[in-house]
Amino acid sequence: MNLKNLYKLFRNSKIKSFDKEDAIIAVNSKEKNIFFIRKGIVRSYIINEKGEEVTFQVYAETNIFTNVHSILFNEPSKFTYEAIEATKVYVIDYDLFLEITSKNPNLLALNRTYFGKRIIKRAFQRSESFVFLSPEERYKKFVKDNPNIVNRIPDMYIANIIGITPVSLSRIRSRIVSKND
């Protein structure tokens, strides 16, 4: 991938800014945009049957996110995507993205890599982590994979992502600290 190819994408995108807690993609939206985070953090979450927000994933600088349900399955979004902090993104319409990438072999490879592998890989890794890793191991993996954001997001979001309660997260952190003393 060279800069000339990326420029073709960026010149067809828009820059948008979002304030903390702004919804970028609303639940039930059929929006088909692709977002590249230039600065900030975004989370995807649902509201469960108890009316509580449950964070599913977080995305930070240089990450791409999109309404996967609309793009892959032509269904409304199951999640709300919200800025956790002031966030700037590049936005490009998915159909325009397909048009541009289909005319350029290098960009077509980016399309296939992202949608063919990255989204599916991320989903499998998340599922596998719940089967093969303990909560403490999931926390350590989250910290290792996200060193730049672990101190920028609320503990509740981290606990949701790794599938534990905030109280359990606190206990895990205490155990890790006591092991390192």
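Everything numeric in this text was worked out from a predicted model, so none of it was measured.

With that settled, consider the sheet that holds strand β6 (residues 64-66). Within a sheet, adjacent strands bond to each other through the backbone by hydrogen bonds, running parallel or antiparallel. On the basis of which strands lie adjacent, the open sheet formed by 4 strands has the order β1-β8-β3-β6 and antiparallel pairing. Each end of this open sheet is capped by a strand with a single partner; those strands are β1 (14-18) and β6. In this sheet, adjacent strand axes meet at a mean angle of 35 degrees when their direction is disregarded. In this sheet, strand β8 (residues 87-93) lies alongside β1 in antiparallel orientation, the contact comprising 5 bridges. Across the sheet, residue Ser-17 finds its bridge partner in β8, namely Lys-88. Helix-sheet contacts for helix α3 (residues 94-102) involve β3 (33-39) and β8, and the interaxial angle to β8 is about 65 degrees.

Attention now moves to the environment of Phe-130. Along the chain, Phe-130 turns up in helix α4 (residues 105-132). Residue Phe-130 is classed as partly exposed on the basis of its relative accessible area of 36%. Once the C-alpha coordinates of Phe-130 and Ile-64 are considered, the two residues, 66 residues apart in sequence, prove to be 24 Å apart.

As a further point, take the confidence of the model for the protein chain. Considering every residue of the protein chain, the mean pLDDT works out to 88; 91% of them sit at 70 or more. Element-level mean pLDDT values for the protein chain span from 68 in helix α1 (residues 3-10) up to 98 in strand β7 (residues 80-83).

Helix-helix packing is characterised by the crossing angle of the two axes and by the distance between the axes. Their axes nearest at 10 Å, the elements helix α5 (residues 135-145) and helix α7 (residues 166-180) cross at an angle of 80 degrees. Between α5 and α7, the interaxial angle falls into the category roughly perpendicular. Facing α5, whose interface residues are Pro-135, Glu-136, Tyr-139 and Lys-140, α7 presents Leu-169, Ile-172, Arg-173, Arg-175, Ile-176 and Lys-179. Along the lines of polarity and charge, the residues of the contact of α5 with α7 split into 5 nonpolar, no polar and 5 charged.

Further remarks concern unusual backbone geometry. Although it is not a glycine, Asn-28 adopts a positive phi angle of roughly 70 degrees. On the secondary structure map, Asn-28 appears in the loop between β2 (23-25) and β3. Within the chain, Asn-74 stands out as a residue other than glycine whose phi angle is a positive 55 degrees. With respect to the helices, strands and loops of the structure, Asn-74 is situated in the loop between α2 (68-73) and β7.

Moving on: the nonpolar core. Core analysis: the largest hydrophobic core is formed by 18 residues, its most contacted members being Val-58, Phe-142 and Ile-153. Among the elements of the structure, α5, α6 (155-162) and α7 are those that each provide at least two residues to this core. Per-element accounting of this core gives the leading share, 5 residues, to α6. The contacts of Ile-153, once residues within four sequence positions are left out, are Ile-41, Val-58, Ile-84, Phe-142 and Ile-158. Counting residues in each nonpolar core, the second largest holds 13 residues, with Ile-24, Phe-35, Val-42 and Val-89 among its members.

What follows is about the pattern of salt bridges. Tallied over the full model, the rule gives 10 salt bridges. For the salt bridge of Arg-43 with Glu-53, the shortest nitrogen-to-oxygen distance reads 2.4 Å. Of the two residues, Arg-43 is situated in strand β4 (residues 42-47) and Glu-53 in strand β5 (residues 53-59); the sequence distance between them amounts to 10 residues. Since its relative accessible area comes to 36%, Glu-53 is described here as partly exposed.

Criteria and thresholds
- Residues numbered from 1 in each chain as written.
- Predicted model: local features only at pLDDT ≥ 70, side-chain atom pairs only at ≥ 80, totals over all residues.
- Heavy atoms only, no water.
- Pairing = 2+ DSSP bridges.
- Helix = DSSP H or I, 4+ residues; strand = E, 2+ residues; numbered from the N terminus.
- Axes fitted to C-alpha atoms, helices over the stretch in contact; angles between N-to-C directions.
- Contact = heavy atoms within 4.5 Å.
- Buried < 20%, exposed > 50% of the residue type's maximum accessible area, 1.4 Å probe, protein only.
- pLDDT = per-residue confidence, 0-100.
- Parallel < 35°, antiparallel > 145°, perpendicular 65-115°, else oblique.
- Nonpolar A, V, L, I, M, F, W, Y, C, P; charged D, E, K, R; others polar.
- Core = buried A, V, L, I, M, F, W, Y, C linked by side-chain atoms within 4.5 Å.
- Salt bridge = Lys/Arg side-chain N within 4 Å of Asp/Glu carboxyl O.

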